[in-house]
Amino acid sequence: MDETNPGPKVHTFLPFHMVHRNEKIILNKLQGLVRNIKWSPSDVSDLFDALLNRFESFANERSDLIPWMVQMLHCIEVNCISSTWRSKSENTLIELVRETRMKDENLKKLLADDADKTLTQIIGEIRSEKLNQVNDELLKEVRDIVSSVDQELTSKGNGQQLSGLKKDLLKLCQTAEKTHFRPRLTQMVSWCLMALSNTGRLIQVGTGEGKSCIVAMFAAYRAMKGDKVDIMSSSSVLAERDMEDWEEFYATLNISVDCNVNKQDEDLKKCYKSQVVYGTVEQFAGDWLRQHFHRMDIFSQRTFQCAILDEVDSLMLDKGHNTVYLSSDMPALQHLNPLLAFIWATSNQYNKIGANKYVGQKYLFPQVVLKHIKEKGIEEYAILQIAEDTGVLSKGSVQEIQRDPKRLMEKTASVATDKLVDFLRTIEKRFPSCQFALYTNRNGVLEKLNRKSQEECEQKPVSLLLDGGFCQYMYHDKDSVLRAAKEEIKHALHFTPCELKKTGDCCYVPGFLYDLVKSKLQVWIENAFLAQSMEDEHEYIQEQHRIVPVDYSCTGVVENFMEWSDGLQQFLEMKHQSKMSDMTAITNYMSNVGLLQLYKSQIYGMSGTLGQQPEIETLQKIYTNIQTCQIPSFKRRKLFEVEGAVVIDEMTWIKNICDAVVEQIQETSYRGARAVLIICETIKLAKVLHQALEIKVPNKTLYINNNMDNSAIVTNKLGAGEVIIATNLAGRGTDLQVSDSVKTAGGLFVVQTFLPKDARVEAQAFGRAARQGSPGSAQLIVCSQHLRDAEPLQLLVLTRKFLSLMENMLDDSSSFQDLFVMKLRLYQKSFTNKQRKEISSLLSHILTEESTSDIMLAKKIRDESEAGRLSRYVDHHIPNIKKKEELFNQYLEILNHLYKSNSNKPAASDVSALNEFWGIWLLTKFNEEESITTLKNSLNEDLSKAIQKLRLREPPLPNLHHYTLFGNELREKGMLSESINMYTKAIDDDPCWAAIAYYNRAFANLTQLNKLFDPECINEILKDLQKSLKSVEFYCDQLDITYRCIAQQNSGSNRNSTTRFYKHIKVRRIVQVAFKANIFEAIQKVDRAKDLGCPVRFQKKQVYFLFPPEHFMPLPVLFMELEREIYSRGPQMIHNLVSHPSFDTFIELVHLESMGLIHIYAQDTLISLGFFSKSLHKAFLGFLKQIY
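Not measured: the values here are computed from a predicted model.

Moving on, we come to the overall build of the protein chain. In terms of regular secondary structure, the protein chain is built from 46 helices and 27 strands. Counting every position in the protein chain, which comprises 1188 residues, the buried fraction comes to 54%. Nonlocal contacts in the protein chain, meaning residues at least 24 apart in sequence, comprise 74% of its contacts between residues at least 6 apart. Summed over its atoms, the accessible surface of the protein chain is roughly 53400 Å², and 50% of this surface lies on carbon and sulfur atoms.

Attention shifts here to the pairing of strand β18 (residues 603-607). Along β18, 5 of the 5 residues are buried, which leaves the element largely enclosed by surrounding structure. Alternating positions in β18 separate into two faces, Ile603, Gly605 and Ser607 on one and Tyr604 and Met606 on the other, with burial throughout. Strand direction decides the pairing type here: strand β1 (residues 201-204) and β18, joined by 4 bridges, are parallel. Within β18, the position partnered with Leu202 by the bridge is Gly605. Two strands pair when backbone bridges link them, and strand β5 (residues 306-310) and β18 are joined in this way by 4 bridges, in the parallel orientation.

With that out of the way, let us pick up the nonpolar core. Counting 156 residues, the largest nonpolar core has Met232, Met316, Phe423 and Trp524 as the members making the most contacts within it. In terms of residue count, helix α35 (residues 854-900) provides more of this core than any other element does, 12 residues in total. Ignoring anything within four residues of it in the chain, the contact list for Met316 reads Leu202, Leu309, Leu596, Ile603, Leu619, Tyr623, Ile626 and Tyr873. Judged by nonpolar contacts, the second largest core, of 59 residues, contains Leu139, Val189, Leu196 and Cys306.

Before going further, it helps to examine the packing of aromatic side chains. By the definition in use, this model includes 36 aromatic pairs. Their ring planes at 85 degrees and their centres at 5.2 Å tell us that Phe304 and Tyr599 sit as a pair that is edge-to-face. With a gap of 295 residues between them, Phe304 in the loop between α14 (281-292) and β5 and Tyr599 in the loop between α25 (592-596) and β18 connect regions that are remote in the sequence. According to the relative accessible area criterion, Tyr599 is buried, its value standing at 2%.

What follows covers the packing of helix α7 (residues 136-155) against helix α9 (residues 185-195). In contact at an axis separation of 10 Å, α7 and α9 are set at 135 degrees when each is read in the N-to-C sense. In terms of orientation, α7 and α9 fall into the oblique class. Helix-helix and strand crossings are classified by hand; for α7 and α9 the assignment is right-handed. Across the interface between the two elements, Leu138, Val142, Ile145, Val146, Val149, Asp150 and Leu153 of α7 pack against Leu185, Met188, Val189, Cys192 and Leu193 of α9. Taken together, the residues of the contact of α7 with α9 sort by class into 11 nonpolar, no polar and 1 charged.

Remark on secondary structure: sheet strands pair via backbone hydrogen bonds, oriented parallel or antiparallel. The 7 strands lie next to each other as β3-β4-β2-β5-β18-β1-β19, forming an open sheet whose pairing is parallel. Every other strand in the sheet has two partners, leaving β3 (257-259) and β19 (627-630) as the edge strands with one partner each. For this sheet, the mean inter-axis angle between neighbouring strands, taken without regard to orientation, is 15 degrees. Across the sheet, α9 is in contact with β1, β18 and β19; its angle to β1 comes to roughly 165 degrees.

It is worth spelling out the environment of Ile427 at this point. As for its placement among the helices and strands, Ile427 is situated in helix α21 (residues 417-430). Here Ile427 falls in the buried class, since its relative accessible area comes to 0%. As for Ile427 and Ile383, which are separated by 44 residues in sequence, their C-alpha atoms are 8.7 Å apart. When near neighbours in sequence (up to four residues on either side) are disregarded, Ile427 contacts Val369, Ile386, Cys434 and Phe436.

Here 6 strands make up an open sheet; going across it, the order is β20-β25-β24-β21-β23-β22 and the pairing parallel. Single-partner strands in this sheet number two, and they are β20 (638-647) and β22 (700-703). The average angle at which neighbouring strand axes cross in this sheet is 15 degrees, direction not considered. As paired strands, β22 and strand β23 (residues 723-726) are joined by 4 bridges and run parallel to one another. Of the residues in β23, the one forming a bridge with Thr701 is Ile724. Lying on the sheet, α35 is in contact with β20 and β25 (775-783); it crosses β20 at an angle near 90 degrees.

Looking now at unusual backbone geometry. A cis amide bond, omega 0 degrees, links Thr496 with the succeeding residue Pro497. Assignment of secondary structure puts Pro497 in the loop between β13 (493-496) and β14 (507-510). Phi angles above zero are rare outside glycine, and Asn254 is one such case at about 60 degrees. As for its placement among the helices and strands, Asn254 is situated in the loop between α12 (247-252) and β3. Even without glycine at this site, Ala770 takes up a positive phi of about 55 degrees. Along the chain, the position of Ala770 falls in the loop between α31 (759-766) and β25.

Moving on, we get to the confidence of the model for the protein chain. For the protein chain, per-residue confidence averages 86 on the pLDDT scale, and 89% of positions sit at 70 or higher. With pLDDT under 50 throughout, residues 1-19 is counted as low confidence; its partners more than four residues away or in other chains account for 24 contacts. Scored below 50 in pLDDT, residues 1164-1173 shows 15 contacts in the model against residues more than four places distant or in partner chains.

Take the environment of Leu1022 next. Counting through the fold element by element, Leu1022 comes out in helix α41 (residues 1015-1047). Leu1022 sits 20 residues away from Ala1002 along the chain, and the two C-alpha atoms are 7.5 Å apart. With residues up to four places along the chain from it excluded, the contact list for Leu1022 reads Ile1083, Val1086, Asp1087 and Lys1090.

Using the criterion set out here, one finds 54 salt bridges in the structure. A salt bridge links Asp1024 to Arg1001, with the shortest nitrogen-to-oxygen separation between them at 2.7 Å. On the criterion of sequence distance, the pair formed by Asp1024 in helix α41 and Arg1001 in helix α40 (residues 995-1009) is long-range, its members being 23 residues apart. By relative accessible area, Asp1024 is classed as buried at 3%. Of the residues examined, Arg1001 reaches a relative accessible area of 15% and is grouped as buried. Among the charged side chains, a salt-bridge network with shared partners connects Glu311, Asp313, Asp318, Glu615, Arg732, Lys757, Asp758, Arg760, Glu866 and Arg869.

Over its 18 residues, helix α36 (residues 908-925) extends 25 Å from the first C-alpha to the last, a length consistent with the 26 Å expected when each residue adds 1.5 Å. Most of α36 sits inside the fold, with 13 of its 18 residues counted as buried.

Next up on the list: the side chain of Glu209. Along the chain, the position of Glu209 falls in the loop between β1 and α10 (211-224). The charged side chain of Glu209 is buried without a salt bridge, its nearest counter-charge being Arg184 at 5.1 Å. In this structure Glu209 touches Arg184, Thr186, Gln187, Pro632, Ser633, Phe634 and Gln772, once residues within four positions along its chain are discounted.

With that out of the way, let us pick up the state of the cysteines. This structure, assessed with the given rule, holds 0 disulfides. Cysteine Cys506 remains unbridged, with the sulfur of Cys498 as its closest cysteine sulfur at 8.6 Å.

Glancing now at the packing of helix α1 (residues 21-36) against helix α34 (residues 833-847). Across the interface, α1 lies against α34 with an axial gap of 10 Å and an inter-helix angle of 60 degrees. When the interaxial angle is binned, α1 and α34 end up oblique. Judged by the twist between their axes, the crossing of α1 over α34 is right-handed. Contact residues: α1 offers Leu27, Leu30, Gln31 and Val34, while α34 offers Leu843, Ile846 and Leu847. A breakdown of the residues in the contact of α1 with α34 according to their chemical character gives 6 nonpolar, 1 polar and no charged.

A word on the side chain of Gln291. Mapped onto the elements, Gln291 comes out in helix α14. Within the structure, Gln291 has its side chain in polar contact with the backbone nitrogen of Phe299 (distance 2.9 Å). The residues touching Gln291, leaving out its near neighbours within four places in the chain, are Met296, Asp297, Ile298, Phe299 and Ser300.

Considered for burial, the residues of helix α17 (residues 365-372) that qualify are Phe365, Pro366, Val368, Val369 and His372. Taken end-on, α17 shows its buried residues confined to a sector of 160 degrees, consistent with a single buried face.

This brings us to the environment of Leu96. Within the fold, Leu96 resides in helix α4 (residues 93-98). For the pair Leu96 and Leu107, spaced 11 residues apart in sequence, the C-alpha to C-alpha distance is 7.4 Å. Excluding its chain neighbours within four sequence positions, the residues that come into contact with Leu96 are Arg54, Trp85, Ser87, Asn91, Met102, Leu107 and Leu110.

Criteria and cut-off values
- Residues numbered from 1 in each chain as written.
- Predicted model: local features only at pLDDT ≥ 70, side-chain atom pairs only at ≥ 80, totals over all residues.
- Heavy atoms only, no water.
- Helix = DSSP H or I, 4+ residues; strand = E, 2+ residues; numbered from the N terminus.
- Buried < 20%, exposed > 50% of the residue type's maximum accessible area, 1.4 Å probe, protein only.
- Contact = heavy atoms within 4.5 Å.
- Areas by Shrake-Rupley, 256 points an atom, 1.4 Å probe, with all protein chains shown as cover.
- Pairing = 2+ DSSP bridges.
- Core = buried A, V, L, I, M, F, W, Y, C linked by side-chain atoms within 4.5 Å.
- Phe/Tyr/Trp six-rings, centres within 6.5 Å; stacked < 30°, edge-to-face > 60°.
- Axes fitted to C-alpha atoms, helices over the stretch in contact; angles between N-to-C directions.
- Parallel < 35°, antiparallel > 145°, perpendicular 65-115°, else oblique.
- Left-handed = near helix turned anticlockwise from the far one by under 90°.
- Nonpolar A, V, L, I, M, F, W, Y, C, P; charged D, E, K, R; others polar.
- pLDDT = per-residue confidence, 0-100.
- Salt bridge = Lys/Arg side-chain N within 4 Å of Asp/Glu carboxyl O.
- Expected span 1.5 Å × (residues − 1).
- Lys, Arg positive; Asp, Glu negative; His and termini not counted.
- Disulfide = S-S within 2.5 Å.
- Polar contact = N/O pair within 3.5 Å; in protein donor to acceptor, adjacent residues only side chain to side chain.
- Arc of directions from axis to C-beta.

Structure (C-alpha cells):
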C-alpha cells in the first residue's frame, strides 16, 4: 500500500442522508456502543481501528468492507459486549479482534457463547454491589455450602459426609434434579442467603432466572423444619401454575401442598391443613377475615409462621396499601342513590372553557339578577319590567308572560348580547349589590365586555358568560367550581323526617345518614368531577354489565374484584349508564401490610426488581429487620437498550413506533427478522397502535385483558415478524418464548411506549427481552401529551425541544458525519494506515459530542417524584393503615364479646346493627390527624354505648330499618305486642321511609285482631296500610329523581330505554309497584272484611311471592351456569353472571327482605313456590358468599 498517495483529492461530497444505508448503520451502531453499552468514545475509536485492521489482514478473503463491518458491529451489539468484557481466556474484545489467527466465525461464536458464571464470579458480584446487606462472613459460609453441594451433585455422591444446611440443600437439589432440573449456582446461593437469615430476607433475582425453583426449595426446607409456609403470588393464575408445576417436587419430599384459590368451605379448610399453601395476598387476607370477622373455622390451628412472596416489590410497595374486605349487607345505603345521582347531574353542568376557566349551567338573565338583589320585595316581574323599559324585551312582553309564564323562555332566550350588557349596567346602577364582570365567547376566545377600574367596583364582581338571554356563572379555579357545586347540592338536599316539597328538584335522605353525608359530601363531589376526567380503557373497562378498575400504571391487570370507594364507583356507573351498585360502608379489612406483619420477622421474598436505595429503605422502614440482596444473573445479560425518544405530539409518536417495529420485523443484509413486544400504558392506546399497524404488520396480536384466553401468547414461541401489542399485562410475570431464528437475529425487541411510573415497572417491561443469556433489545418512545399529572416533565420536553432546535441551527456535526463517510469510502480504495487513523480520530470527535438525552432527564424527574411518593407512603399512608387496623382489631374484641355473651349465637339483627354502626363510625369519626390513643378511646366509648343500646333493643344508629328487624325477631317468637312497639319506633323515627314498618305493624295488629274482632283496630290497620302505600310512592319518586338525573346526561347518546342502568332502575320500580299492588289488595280485602264484620284471612308467604312463578323460571338455568363457572374456576364469569339482568328482581327482593319485608300477605295460590323460593334464596346467597 502506498501511504504517501492517499488517492485523489475530493472537494465536494454527498450529503449524509443520501449515502448508502449500510454506511449510516455503521455510524449508528458505533454511536450505540457509546450511548447504550457505555463504551467511551476513545475505546470505540480503538475498536473501529482494530476492525479496520482486521479487515485489511483478511482483505483477500473479503469482497466488501461495509457489509462485513455492519455484521461485526451487529454481533457486538446483539451480544451486548462492553469495553470491560473478558473472554474465558481473559481477553478483551479489542484484543480478540486484533488476533488475526482467529477466524471471524470463531470470534462470533466466542462473543455469543457465554458460559454460566462461576461461584467465584457470583460471590464477587454480590460483594461488589453496594446495596447488598451481606458481610464477608456470610458470603464465606454461602460459598462453602454451595461449593460442597455442587461437588456432590457433579460427582453424583450421596453426601454422607455432609451435615446441616449442606445436607438439606443436597437433598433439595437432588429432588429438584429428579423432578425438574439441576438448580443453578445462583439458585443455590439465593437459597443459602434465605436459609442463613434468622430474620426476613428479600432477594432480587432477575426475570427468567428461576424464582419459582428457589421459592419451592426454600418452602420445602422450612416445611422440613416443621413450619407452615404460605407462598403469596401477585396473581391467582401464577399461584395455581407454580403449585401445579412443583407439586411432584413436594410429593417426592412427602410435603403436602395446596393452593387456596377458588376453594370453598371444606376444601378451603383442607387446603390450610397442608404444610405449604400457594395463593394470592388477597385470598390469604380474605380468609383471615372470614376466620375472625365472619367467624368461620378456616385456618383451624394454622398460625402465621413463614411467608414467601413472589414479586415482592409489587406486593409490598405498589400494592402494600391495598385493602381486602368482605362485602357487608347495608341496604339502607341505597337511600343515598338519589343524592349521588343529583351530585353527578350537578357536576356535569360545569365545563372547562379555557385555562383555569369554568362555566356552570345556563340561567335566564332574570333569574341571575334576582339572585343577587339583596333588597327585599323585588320579584321577577319587576326585573322583567326593567328589561322591557330598557328595550331588552319588546313592549307588552311582561303582560304576555304574566298571562302565560311558559312564554318566559321564548321572550328572553334570543336577547341580543349588547342589549343585555346595557340592561345589566342599568341593574348595577339601580341595585348596588349587583356587580358583574361580563364575558362573551367569540369563536372560542373569551372577550370581556364591561371593563371596570378597581375604583368603580365596590365589591368583587360576579363573572358571567353571556349567550343570548342566558347567563353562565364563570369560575377561575377548580376550588370555586367545587364550592359552587356544593352550595347547589346543599340547597336541594333535605333530611327526613321533614316537610316534603312538591317540586321535583329536591333530594331526600333519611336523617340517620346525616353525619355520613356531612362528613363525605365534599369527597363525593370531588369524585364526581374526577369520574368525568377518567377514561374508559384507561383507568377502567366496561366488563359486560360492570365497571371494572384497571391497574394500568403497574401490572395492567383488570381487577375484577376491586371497586372504588367514596362514590367513585357509582359515578362511573352513572357515566356509562351501567347497572348502579349501592354504596357500601367497609366494616372489615386487611391490608397487604397488615397481613404480612402477622408473620413478624419471617417474611421472605423475591422479585426481578427490588429497586434502588429509596425503595429498599422504604421496605426496611415498614418491615423491621428485613435485609435485601441482589443476585447476579447466571449468565451475562445481553440486553441492548436503544436510546429512547420523547416526542411532542401523538401522530409523531405513532409514526416513530410504527417505524421502529417495521424496521425490526424486516429482514436485513446482516440479520433476520425479529419479533417485537409493544407495551402500552392503556388498553385504549394499545388499540390505537394496533389500528396504526393494521396494514404494515400482518402477524400481530393484542394482549390487553386478563379476562380473555391469552394462553397461546405465553405457550407458543414468537416467530420472525410476529408482534404482540400489550399493556403492562405483558410485563411483570410474563415469560415470552422466542424461536431460535429470532434469537439469532437479535432476540425479542421491546418497545415501551410510555414513561412508567417508576424504574421498577420499566425494568419489568425490559425484562421480557434478553432472558437466560439470550440476546434482546428495548427502547422507550414517549409522547409528552400522555404525561398525565406530570407538568414538570411536559415543560422539560418542550424546553428541551426548543433548545435542541436552536442547537441544530448551529450544529456542524452533520458535516463531520459526512466527512466520516467520505473518508470511509476513500479508505476502501487504498486501505492506508494514515487514512485509518484519520477515520478513527474523526470518529472519536463525532462520538464525544453526545449530551444528556431528553429521556434521561425525564427519568431523573420521574425517579425524584417516585422517591417523594415513597416518602409519603411511609409517612402518611402506612400510619393510617396501621391506625385503622388497630381500630378494627379493637372492634373485633367487642364483636367477640357479643358472641361470647350470647353463647356464640347472637341475634342476626344485633350483629348487623353493630357492624353498621362500626362501618359508619369509621367513615364519620376517623381523623387522620388524631393519635391512635385518642381514636381508640373514642371508639371504645362509642361502642360501649352501642352495646348498651342493643341490650335495650335500640339500634346504635337511629336506623328505622333495624327497629323493623328487631320487631320481626320478636314477632317470630310470638311476642306480637312487643313487635308492634318496635314497628311503632321505626315509624316514629322516620315515617317517610317506614313503608315496611307500617306494613308489618298492620299485619301484626291483624293477627291479634283475628283473635278478637275490633272495628276500631280495623281502622288503624287501614291507616297503616294507606301510609305504607304513601311511603312506597315516596320511594318511587326518589327512584324517578335518580333516573332523571342520570338519564338527562346521556340524552344525546344511546337510547335510555336500552341501557343497563334503565333496565336496573325499571326492575327496582317494578318491585316497588308489586309491593304497592300487594298493599292495595290488602286494603281492599280489609275494607270488605270491615263492611262484612268478619275476620280477615290472609296467607303469610315469603317476599318472593310478590311475583308469579314464571318470573323466576330463567334463574335455575343461570344457577347451573354459575355452578359450572365455580367448578371451572372462572370467578370473573361468576361476577358477570350475577350482574345479568335476569337476577335483578331476585336481588331487589333480597334487599327488601334485609330491610324487614320478610313476608307478604296474600290470598291463597294454586301453585306453591315455597320450596322453590326457599331453595333459590339459599343457593343464591351461597353463590354470593363464594364471590365476595
